[in-house]
Amino acid sequence: MSESNDWHTVTVQIPFATAKHALIAKQSIEVDAELQPQAVKRTITVEGELLKATFSTLTIRLARLTVNAFLENVDLVVRTIQEFGENAEKASSS
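Per an unreviewed UniProt entry, the protein goes by the name Transcription factor Pcc1 and belongs to Dendrothele bispora. Quoted verbatim from the Sequence similarities (unreviewed entry) field of UniProt, the annotation for the protein is "Belongs to the CTAG/PCC1 family."

Another aspect to go through is the nonpolar core. The tendency in soluble globular proteins is for nonpolar side chains to be buried as a group. One finds Ile14, Phe16, Ile29, Ile44, Leu51, Phe70 and Val74 to be the most contacted residues of the largest nonpolar core, which totals 15 residues. For this core, the secondary structure elements donating two or more residues are β1 (8-15), α1 (19-29), β3 (50-57) and α2 (60-92). At five residues, α2 tops the list of elements feeding residues into this core. Beyond its immediate sequence surroundings of up to four residues, Ile14 is in contact with Glu49, Leu50, Leu51, Phe70, Leu71 and Val74.

The next subject is the packing of aromatic side chains. Evaluated as defined, the whole model comprises one aromatic pair. Both rings, one in Phe55 and one in Phe70, keep their centres 5.3 Å apart while their planes meet at 65°; by these two values the pair is edge-to-face. In this pair, Phe55 sits in strand β3 while Phe70 sits in helix α2, placing the two residues 15 residues apart along the sequence. Each of the two residues, Phe55 as well as Phe70, counts as buried. Here the basic side chain of Lys41 rests over the ring of Trp7, its NZ or CZ set 4.3 Å away from the ring centre.

The subject of this paragraph is the layout of surface pockets. Here the idea is plain: a probe the size of a water molecule rolls over the atoms and shows the empty space left. Roughly 270 Å³ of volume is contained in the largest pocket. Around the largest pocket, the lining comprises 15 residues; the ones closest to its centre are Ala33, Glu34, Leu35, Thr66 and Ala69. Of all the secondary-structure elements, those providing two or more residues to the lining of the largest pocket are β2 (40-47) and α2. Looking at which element gives the most residues to the lining of the largest pocket, the answer is α2, with six residues. Its residues assigned to classes, the lining of the largest pocket shows nine nonpolar, three polar and three charged.

Cut-offs and rules
- Residues numbered from 1 in each chain as written.
- Predicted model: local features only at pLDDT ≥ 70, side-chain atom pairs only at ≥ 80, totals over all residues.
- Heavy atoms only, no water.
- UniProt positions renumbered as here; feature names shortened; annotations may be inferred.
- Core = buried A, V, L, I, M, F, W, Y, C linked by side-chain atoms within 4.5 Å.
- Buried < 20%, exposed > 50% of the residue type's maximum accessible area, 1.4 Å probe, protein only.
- Helix = DSSP H or I, 4+ residues; strand = E, 2+ residues; numbered from the N terminus.
- Contact = heavy atoms within 4.5 Å.
- Phe/Tyr/Trp six-rings, centres within 6.5 Å; stacked < 30°, edge-to-face > 60°.
- Lys NZ or Arg CZ within 6 Å of the ring centre and 35° of its normal.
- 1 Å grid on protein atoms, 1.4 Å probe; cavity = no way out; pocket = protein on both sides within 12 Å on 5 of 7 lines; lining within 4 Å.
- Points joined across faces, edges and corners; volume = space filled by probe spheres on them.
- Nonpolar A, V, L, I, M, F, W, Y, C, P; charged D, E, K, R; others polar.

Here you go:
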């Protein structure tokens, strides 16, 4: 089975409750470099309350794995914001 040298591109858009939460997610996720930078290109941006991530990979399998890992990271950030976000903001402003 031969692989094509064409890049496969996937874009994921995730809505957040606020632009601040989207920015927190972006900043939390983008610190981790891709494990295969020669095979995966990643761009993460925030547009208002929307977190947008675009992945270009050399294989479809790698696209699936990369997007899955990204979504797991987003899930962790969302659960952390739900658990600590409101209370942490209230405590720091007191």
